[in-house]
Amino acid sequence: MKSYKKLFLSVLALTFIMSSCDLEESNVDPSRPLSVNLNLILPSTLGQTAYNQMALPARQPGIVMQYLTGIDAQQVAYSENYLFTENTFNNYWNFGIYGGVLKDGRDLIALGTEAEQPYYVGIGKILMAEAFGRLTASFGDVPFSDALLGTESLKPAFDTQEQVYDGVQRLLDEAITELSKAAVAGGPAGDDLIFSGDAGLWIQTAHALKARFLMHLTKRRSVYGTVLSELGQAFTTAIDEPRFQWESAITSANPFAKFGIGRPNTLAINPGFGQAMTTRLDPRASKYFELDGTQYNFHNSNNTELIWAQNASLIPLISLVELKLYEAEAKLMTGDAAGAQTALTEAVDASMAQIGVSDAAAIAAYKTAYADLAAGATDQDKLNIIITEAYYALYGHQMHTAWTNFRRTGFPAMTPAANGAGGLDPSGAIPVRWLYPSGEQQTNAVNVDAAIANQGGALLDDNTWAFR
Amino acid sequence: MKRILLTSLMSLLVCMYVQAQDRTVTGKVTDETGAPLPQVTVLLKNTTTGTPTDADGNYRLSVPEDGGVLLFRFLGYTTQEIEIGSKTVINVQLAPEALDAGEVVVTAVGIKANKAALGYSIQNVNPDDLVSAKETNLVNALSSKVAGVSVVSSSGSPGASANIRIRGNTSINGSNQPLFVLDGVPIDNSSSGNGTAGVDNSNRAIDINPNDIASMTVLKGPAATALYGIRAANGAVIITTKEGESGAPRVKYSTSATMDEINKFPDLQNEWSQGRPVGGVATWRGPETFDGFSWGPAISSLEYDGDSEYLFDSRGRLVPRGTGNGVPAQAFDQTDFFRKGYTLDNNVSIDGGTEQLRYFFSAGHLFQQGVVPNADFSRTTVRMNLNMNLTDKLTMGASGSYINSGGSRIQRGSNLSGVMLGLLRNSPTFDMGNGKIGQAAADDRSSYLLADGSQRSYRAGIYDNPYWTVNKNPFNDDVNRIIGNLNLNYKLNDWINIMYKVGMDKFTDERLFAQDINRSYNGATRDLGSVNQQTRTSSNVNHDIIVTARKSINEDLKVNGTFGFNYWKRVFTTKAAGGTTLAAPDFYNIANATDVVASENISERRLSGLYANLNFEYKNQFFLNYSGRNDWSSTLPKANNSFFYQAISGAWTVTEALDIDQGVVSYAKLRASWGQVGNDAPLFATTSYFNSAGNTGDGFIGGTGFPAFGLNAFERSTQLGNDQLKPETTTTLEFGVDMDLFDGKVGLDVTYYDAETTDQIISVQVPASTGFTNLVQNAGLISNKGWEIEADWNVMDKGDFTWDMAANFTKSESIVEELAEGVETIILSGFTSTSSRVVAGEPYGSIYGSGFQKDANGNTIIDANGYPLQDPVIRVVGNPTPDWTAGIRNTWSYKNFTLTALVDIRQGGDVWCGTCGIINYFGTSKLSGDLRDQTVVFDGVLADGSRNTQAVPYADPAGGLGSNFWVRYGFGGLSEQNVHDGSWVRLREVTVSYNLPQSVLSALKFNDVKISASGRNLWLNTDYPGVDPETNLTGASNGFGLDYFNMPNTRSYNISLSVTF
């Protein structure tokens, strides 16, 4: 009997002891760290920037600019009815930009400043500038100075688009300053998937981005002089482009290819684009798409010619082709006609080289027909030639920039979709911006409403400040 | 200790052999009126020698020469012990158990109580009803049996989960499931992997074998559950398993066979062919064009061209009548895909023992073959319960059960590989089975494969042919589970009892699923293939120390108290390996993958609590109960991880006060209770972490997952932790009346409750422009109000014929009064287009999505072209909570026959039929088939306010696809177009059973033989156009009311036999 009592009491005691252990240690997740080093954050920031360039934020301008057309599922509604709703870009805004590149960029800057690693700070600022620039071009007024402050500002106010573009230029200038400092041990190296830590190349990229975002403002300011000076400090050979190498494994493959695999037969090349390239005898046609019966397809797993739709494509974040086209336009609009022609010819050559076209005769014929500024009577006609060439050169890797070009110049002229008019696009015009995402609208309603009022509306056909 | 155990076991074994008997004792057992009592257990004390009395109450037993003690035991009567001495005839009159008679319920922590003495709502479920429901999942067996309990099955697939709610939803991010307690030990009823795509995974209560259950009690409000702490914040289902009764071994064997078929399926058209308008004319386009639509020409206008080389149909392509070989085109019935399902369930149990040691052993095996080819589920359970009297003060119980369950599950939902998606979008002119149907087609590879190994489907591989899915996208799970407990009970003296109980529930769930390489006939790769292994383990250990004291202070006042300490720890781990890009087809092993990514997740949770419960009974008329509990939780911030809550309830038996026990109102008790219960935070909510990096933001394709590009990367989580969190608190006020009317012929139990949950721990969405998307906060208020009525009526009792009716009625409302400041909605489940959400000011789980623009008077606004305008703002479009539900059971018995029927009624409760919207979009639905050549004047007003009078076509080919009414609003149409009323009336169960008469039983030497035939879900009356409206896409989740290619439900026909000897 006594042995039972002892057993009983010892069990009771054991239970009390076990439970008085510190409960809180159960609430620490052993599979996630509480802080990490800079070299573990950078790859994700670069990866997200590259992802944004080839995923939804590229396909939608691609549809708007009639490179692509929807043939099934939701893509049909995007192409034929311009149904770009307030849900379409929720994921992009939340996880691609603010919760993606900008969040990581801020960490790079904060941790980099604390650890006195100027190159991480510089690269972080460049990537943030690129993201903000792309964001404001599509959405107009967005949170900038009041953003990314966590609990300090849970309802960020919206800056005007003008303020954001100025902020972008400032960030790039600061980045250049940081990258011009002396190198410090422990700086970016293998984790820098683009330049392996070469600060000089990053500086050139920063200048290139400055040129691009200045060019967004051609309707509002006279920027061409500054643009040319920036281009003079940017990269001049294709090999110095900031290029991102995707992989063949499906989890780290080029998003444009992933769409072709995961959502087959929902998106195809717009027949107008396909026919135009064919009529123009554009030597790049076979590298952009393939003809299957009557349908032009942008993707086919077995066709390795389609350079922008391979799993392991090499995508430049900003290319020499784009810079040369800016140079041509800037020189044209500042009176240097000869310089403009040279730049245009170089642009075409760079594009053909980038795409991998080697047929010299075809290239020459193409240049004669479509890259000769003499064919344009007025400056506007000549500009049309440059922007149209940009349209055909930027397919696949910079469709967003082609959209920006259209909004600020009106070239190349195109007809809106027949059934585009609706609640989201009352006039049925080609969309010139996106609606503010519902996530931001529901959680930050006051500021979003203020921004919409400030811009006189934010439906698909309401022009943002830069393109009015 | 060991020696006594060993001796008991030895004596048990020895006693099982028939001993040399010396003499015989006979006699007759009667009740207090002198009527004979059959089936009374007559036992020789401390042996296993015993016998039941016959139909006349007589018994005959062989006893040793030196006599002994005879025990007479019968349920509801006081056991008697009689010294044999030298007597040869012993007659006994048994008296019914006084005062403590009445319904016995099992309350919190396994304490039995008399329902008459309780001040709160508590309901028993008859375990026979659970077995006769013939449901594989125990949760489904509870359907429409208890007021206030709502059960929604996710679908009819074998092993599918079911959602159980007691008194509505109280939590937004936390669990709303009640606690399941088995023999006093909380067990796991989780489910995982029920998403908008994938398969129907089980909830773990499916492992419990209904045949093992001795009693089940449902506890509903905080007053009832305060003793179980925060895990029972949403109620508790208390289950006890069978205990052995002393005596000779009793064997019970039961077997049952069920046939299943689909009970409801969406209506499809069989008039129009695959294709779309081309140049303004409806044109047939075959699978080789990858066309998904069925907006082609009428099938009656087409015939085959006889080209036997045509890849997709040996009959040839379809061409206009007169240009082919004369064989008319035909429509194929897609429901030919399904086969007859069946379930086989065999159970055997043995129990017996002596006064010292009683045992109960059971084993069961269930196998269910689903109506979808290759779908199945099986479960094997083995249980051993031992109860030992170690000394006259110390008793010990030990129980262990092992379960193995799992099955082959089929893809469903929003899933290009899902069976329902592939089947319902399939064009009527495409022969899915290539000449065969059902299991025969599933077994013949030529139905889903072309000669070169690419897929044969109506869209040439873009959507999987259902025969492909069931063969090439396997999903298998195998669960091994052990549930056991050990308890020691020590009677300190005649009024204090000390109990220690330790329980364990441990399971391992191994899942293997794969998608095979999928190519189209033109070489395009649709899916590179993937293989996934997942091993989930869960380990729950629970300790309880409980001291109970019962004392009669004087002849009027009785007090009993319970004081306890509880400690619970749960560890849950997931190890997964996912391989992508397979090298070879038909090889579902991780070795076949080119790129493999592995991951591991561990989570741990601990709770400890101290509680007290006091009960006062005065003059058997006034009852008062008070309970208080303090919990410490590991998921709350350390500085604030302790919280205290209490409950108080009272009851007054009016009839006792007025000294009434017969007449119109023979018993009436008024009761009222108030209680609080807390709920702790989700795991890891108090800190901010870095996650393995992932680059996403598309919505149509997956993102980049690190490690990638030869590097590893992490990024800050977008969820901000909060170290100031407090627990959620639910406060409930409950009033009720229990009555017996007309001399006990009618029983009525009415309850009204009003509950409020505050300080919801919600992951509040914050603007992403802050750099975070979620912040965990205490915010929000949810109110739950409702009525619960249970009634039973002994309609007729004439001689051999009785007719009883029992009914339950539930009306409940769950309103989200407030959310956090500036937060209007939080998504619970679903898609960006249509979802189930909590919306401030609206019922919990409201269906939220797109709709038509309406003017101030609620008229739809029609545009200049004659079609309704889409509202650019998304909003609430439906309420999935029913207005009320009821269950009515009728039981008729005549001599040895019994017929019982259960009717289940639900009024209200919207369901979003996403499936309907999509099959309208693709033109395969009967609705789109019947209406497509019609015109319509949409009811509404124009922009200027005048009534619309313009007639427009639904789907004129001349306008192209974009003008088609079911295509123009986007993929699947507007959410509002597809929200339908899910009300139903159904005949849930019908059972006819026959117990063999005593005369036959005595001849066969069996104790009981019962044969029964039953039907489940035999009749369903509803206006809902899709599958059975009792469905939920995401299984046992907080969001509900969504149907998007859910698997259909089934009706069943069953026969069973059970034998006891």
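Residues numbered from 1 in each chain as written. Chains lettered and ligands numbered in written order. Predicted model: local features only at pLDDT ≥ 70, side-chain atom pairs only at ≥ 80, totals over all residues. Heavy atoms only, no water.

A. Structural context of unusual backbone geometry. At the junction of A:Phe411 and A:Pro412, the peptide bond is cis and its omega measures out at -15 degrees in the coordinates. Structurally, A:Pro412 can be placed in the loop between α17 (399–409) and α18 (438–443). Across the junction of B:Phe706 and B:Pro707, the peptide omega takes the value 5 degrees, indicating a cis bond. Positionally, B:Pro707 belongs in the loop between β38 (704–705) and β39 (714–716). One non-glycine residue, A:Tyr82, adopts positive backbone phi at about 50 degrees. Relative to the elements of secondary structure, A:Tyr82 occurs in the loop between α4 (73–81) and α5 (90–114). For A:Asn265, which is not glycine, the phi torsion reads 55 degrees and is therefore positive. (Helix = DSSP H or I, 4+ residues; strand = E, 2+ residues; numbered from the N terminus.)

B. Local environment of the sheet that holds strand β43 (residues 761–765) of chain B. All names here are of chain B. Judged by pairing direction, the sheet is mixed, and its three strands sit side by side in the order β40-β44-β43 without closing on themselves. This sheet does not close on itself; its edge strands, each paired only once, are β40 (719–720) and β43. Where β40 and strand β44 (residues 774–778) come together, two bridges link them in parallel fashion. Among the inter-strand pairings, Gln 719 is bridged to a residue of β44, identified as Asn 774. (Pairing = 2+ DSSP bridges.)

C. Looking closely at the domain arrangement of chain A. All names here are of chain A. Annotation of chain A at the domain level lists domain 1 (42–68 + 86–246) and domain 2 (259–307). Each of domain 1 and domain 2 has a C-alpha centre, and the two are 30 Å apart. At the junction of the two partners, domain 1 supplies five residues and domain 2 supplies seven residues. Around 560 Å² of area is buried between domain 1 and domain 2 when both sides are counted, 71% of it from carbon and sulfur atoms. Of all residues in domain 1, Arg 59, Tyr 67 and Leu 68 give up the largest surface area on contact with domain 2, accounting jointly for 79% of the area buried on that side. Run the count over domain 1 and domain 2 and you get zero salt bridges. Taken together, the connections running from domain 1 to domain 2 amount to one residue pair in polar contact (both at pLDDT 80 or more). Among the residues making up the side of domain 1 that touches domain 2, the classes are represented as three nonpolar, one polar and one charged. (Domains from an automatic or database assignment. Contact = heavy atoms within 4.5 Å. Buried area = accessible area lost by both parts, 1.4 Å probe. Salt bridge = Lys/Arg side-chain N within 4 Å of Asp/Glu carboxyl O. Polar contact = N/O pair within 3.5 Å; in protein donor to acceptor, adjacent residues only side chain to side chain. Nonpolar A, V, L, I, M, F, W, Y, C, P; charged D, E, K, R; others polar.)

D. The interface of chain B and chain A, seen in detail. Taken together, the 103 residues of chain B in the interface contact 101 residues of chain A. Buried area between chain B and chain A, summed over both chains or domains, comes out near 8700 Å², and the portion from carbon and sulfur atoms is 59%. For chain B, the biggest contributors to the area lost against chain A are B:Phe690, B:Phe700 and B:Phe709; these three give 10% of the whole. Linking chain B with chain A are four salt bridges, by the criterion used here. A salt bridge links B:Asp698 to A:Arg59; the nearest nitrogen and oxygen atoms lie 2.9 Å apart. At the boundary of chain B with chain A, the tally comes to 25 residue pairs in polar contact (both at pLDDT 80 or more). Ranked by residues supplied to the side of chain B that touches chain A, first place goes to strand β32 (residues 593–618) of chain B with seven residues. Looking at the side of chain B that touches chain A residue by residue, the classes come out as 47 nonpolar, 41 polar and 15 charged.

E. Region of the structure containing a nonpolar patch on the surface. Residues and elements named next belong to chain B. Nonpolar side chains collect at one region of the surface, where Phe 616, Leu 624, Tyr 626, Phe 644, Ile 648, Trp 674, Leu 733 and Phe 735 lie side by side and expose about 700 Å² of accessible area between them. Sorting the residues of the nonpolar patch by element identifies β33 (622–633), β34 (642–653) and β41 (728–741) as the ones contributing at least two each. The topology assignment puts Tyr 626 in strand β33. (Patch = residues over 30% accessible without salt bridge, like charges linked within 9 Å, V, L, I, M, F, W, Y side chains within 5 Å. Areas by Shrake-Rupley, 256 points an atom, 1.4 Å probe, with all protein chains shown as cover.)

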